Amino acid sequence: MGKISFVSKDNDDIFKFPCDYPIKIFGLNQPDLKQTICSIVESHIGQLHDNQITTKKSSKGKYVSITVRIIATSRKQLDAINHELQASPLVSYLL
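Residues numbered from 1 in each chain as written. Predicted model: local features only at pLDDT ≥ 70, side-chain atom pairs only at ≥ 80, totals over all residues. Heavy atoms only, no water.

A. Region of the structure containing the nonpolar core. Formed by 22 residues in total, the largest nonpolar core has its most connected members in Ile23, Ile25, Ile37, Val41, Val68, Ile70 and Leu85. For this core, the elements supplying multiple residues, two or more each, are strand E1 (19-28), helix H1 (33-45), strand E3 (63-72) and helix H2 (75-87). Not counting residues within four places of it along the chain, the set of residues in contact with Val68 comprises Tyr21, Pro22, Ile23, Ile25, Ile37, Val41, Leu48 and Gln52. (Core = buried A, V, L, I, M, F, W, Y, C linked by side-chain atoms within 4.5 Å. Buried < 20%, exposed > 50% of the residue type's maximum accessible area, 1.4 Å probe, protein only. Helix = DSSP H or I, 4+ residues; strand = E, 2+ residues; numbered from the N terminus. Contact = heavy atoms within 4.5 Å.)

B. Broad picture of the side chain of Ser88. Position of Ser88 among the secondary structure elements: in the loop between H2 and strand E4 (93-94). If sequence neighbours within four positions are ignored, Ser88 has contacts with Thr36 and Ile40.

C. Here's a closer look at the pattern of salt bridges. For the structure shown, the criterion picks out two salt bridges. Note that Asp20 and Arg69 form a salt bridge whose closest N and O atoms lie 2.4 Å from each other. Highlighted residues: Asp20 in strand E1 and Arg69 in strand E3, separated in sequence by 49 residues. Of the charged contacts, one joins Arg75 and Asp79 as a salt bridge, the two residues approaching to 3.2 Å between their closest N and O atoms. Placement of the pair is Arg75 and Asp79 together in helix H2, with a separation of four residues, close to one helical turn. You can call Arg75 partly exposed: its relative accessible area is 24%. (Salt bridge = Lys/Arg side-chain N within 4 Å of Asp/Glu carboxyl O.)

D. Structural view of unusual backbone geometry. Look at the link from Phe17 to Pro18: it is a cis peptide, with omega at -5°. Its place among the elements puts Pro18 in the segment before E1.

E. Representation of the confidence of the model for the protein chain within the structure. For the protein chain, per-residue confidence averages 89 on the pLDDT scale, and residues scoring 70 or more make up 86% of the total. This stretch, residues 1-9, has a pLDDT under 50; its non-local contacts, to residues over four places away or in other chains, come to one contact. (pLDDT = per-residue confidence, 0-100.)

F. Molecular detail of H2. The end-to-end C-alpha distance of H2 is 18 Å, a good match for the 18 Å that 13 residues give at a rise of 1.5 Å each. Where H2 is buried, its residues meet E1, H1, E3 and E4. (Expected span 1.5 Å × (residues − 1).)

G. Highlighting the pairing of E1. Inspection of the sheet shows E1 paired to E3 by ten bridges, in the antiparallel sense. Considered in E3, the bridge of Gly27 is made with Val64. Pairing of E1 with E4, which is carried by two bridges, proceeds in the antiparallel orientation. In the sheet register, Ile25 faces E4, and the bridge partner there is Leu94. (Pairing = 2+ DSSP bridges.)

H. Region of the structure containing the packing of H1 against H2. Running from N to C, H1 and H2 cross one another at 155°; their axes reach a closest spacing of 10 Å. Classified by the angle between their axes, H1 and H2 sit roughly antiparallel to one another. The element H1 and its partner H2 pack so that their crossing is right-handed. Where H1 approaches H2, its residues Ile37, Ile40, Val41, Ser43, His44 and Ile45 are matched on the opposing element by Gln77, Ala80, Ile81, Glu84 and Leu85. Considering only residue class, the contact of H1 with H2 consists of seven nonpolar, three polar and one charged. (Axes fitted to C-alpha atoms, helices over the stretch in contact; angles between N-to-C directions. Parallel < 35°, antiparallel > 145°, perpendicular 65-115°, else oblique. Left-handed = near helix turned anticlockwise from the far one by under 90°. Nonpolar A, V, L, I, M, F, W, Y, C, P; charged D, E, K, R; others polar.)

Okay, structure coming up:
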């Protein structure tokens, strides 16, 4: 008997594209953080609208979380966005 694999070879099976997809980014509260994040995401999906972006400062204001809601069209697109966000020195964590 062979091994049974529960992992799909096609990661697109996890999502039904296109789909609403929130990207949550954490970083130090710096003036360039929001603009950097928006520029990275916009390079993959086009212009963001203000209603797609939510920001929240930590209790002491040192950190900020930014949630960007997009309409994702493919796993490849999501992987590219996540890779670029993780490569940014301004981004501390990404969910």
